[in-house]
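# Understanding the architecture of this molecule
Spelled out, the chains give:
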Amino acid sequence: MGVIKAAIGDGVLTFMWVFSVSTVGTLTGLISSALGVQALPPAVIFITTFLIFFLVFVFSAIGQVLGGASFNPTATAALYAAGVAPDSLISMAFRFPAQAAGAVGGALAIMEVMPIQYKHMLKGPSLKVDLHTGAVAEGVMTFIISFLVLLILLKGPKSSIVKTWLVAMATVTLVIAGSAYTGPSMNPANAFGWAYVNNWHNTWDQLYVYWICPFIGAILAAWIFRFIYPPPPTKQKKA
């Protein structure tokens, strides 16, 4: 029952995440235009970073309310591989499909309610280079963000606000760096949701670039983190 409950929580949270994060581009444009700073790249980047910060902060709280729900399969895998999450291979076998299904629902929902003049901004991650270059890029970026998130959350500042801001800064930096390659996604569920909308969710390209390589990157990052910061040895109780 606990596994099913976790999967349902993941599906609900991922639905809300994909629905919400897909509006960041539109909101950034509207806010920067209202403030008259749309021609100032640093200001636009700051607005985007603040929006991501707000969403991550809110969704982290919602995830806790839902019993530790997650909206990113690679984050779930990285925490498991780093030895800091109570998951198992069985629980993840239920959670990952639920996250993918939630992402599909979120992408379809935002497409329905987004005003027509802004729908062109709802594209989702897409491959902009050759297959292997894109796969390497997505894997490397997922490796970096996974390692940084583990470092920030487990070894970073105590303040949850500062931690969230650092995660938001890292995310936006990598999105800008990877925009000419794969989007990027760094979240297989989010990529799958938009691939479903664009009818290429069942292709090898989508599986290779947005699932296989990101998982390799996330797990490798977790292993390296665990090597640098080994967990404390468990104390055996005396009989």
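The structure we're discussing is the one just above.
What this report covers is the structure whose coordinates are included nearby. (Residues numbered from 1 in each chain as written. Predicted model: local features only at pLDDT ≥ 70, side-chain atom pairs only at ≥ 80, totals over all residues. Heavy atoms only, no water.)

Together, I4, I8, V12, L66, I90 and F94 make up an exposed nonpolar region whose accessible area comes to about 520 Å². For the nonpolar patch, the elements supplying multiple residues, two or more each, are α1 (2–21) and α5 (89–113). Top element by residues in the nonpolar patch is α1. It accounts for 3 residues. Note on placement: L66 falls in the loop between α3 (41–65) and α4 (73–81). (Patch = residues over 30% accessible without salt bridge, like charges linked within 9 Å, V, L, I, M, F, W, Y side chains within 5 Å. Areas by Shrake-Rupley, 256 points an atom, 1.4 Å probe, with all protein chains shown as cover. Salt bridge = Lys/Arg side-chain N within 4 Å of Asp/Glu carboxyl O. Helix = DSSP H or I, 4+ residues; strand = E, 2+ residues; numbered from the N terminus.)

With that settled, the discussion passes to the packing of aromatic side chains. This model, assessed by the stated rule, comprises 14 aromatic pairs. A ring pair is formed by F50 and F53, whose centres lie 6.0 Å apart and whose planes are at 40 degrees; its orientation type is tilted. Separated by 3 residues within a single helix, F50 and F53 lie in helix α3, roughly one turn from each other. A relative accessible area of 41% means that F50 is categorised as partly exposed. The exposure class assigned to F53 is buried, which follows from its relative accessible area of 14%. (Phe/Tyr/Trp six-rings, centres within 6.5 Å; stacked < 30°, edge-to-face > 60°. Buried < 20%, exposed > 50% of the residue type's maximum accessible area, 1.4 Å probe, protein only.)

Further remarks concern the environment of G36. Within the fold, G36 resides in the loop between α2 (24–35) and α3. In the structure, G36 is positioned 94 residues away from D130 in sequence and 38 Å away in space, judged by C-alpha atoms.

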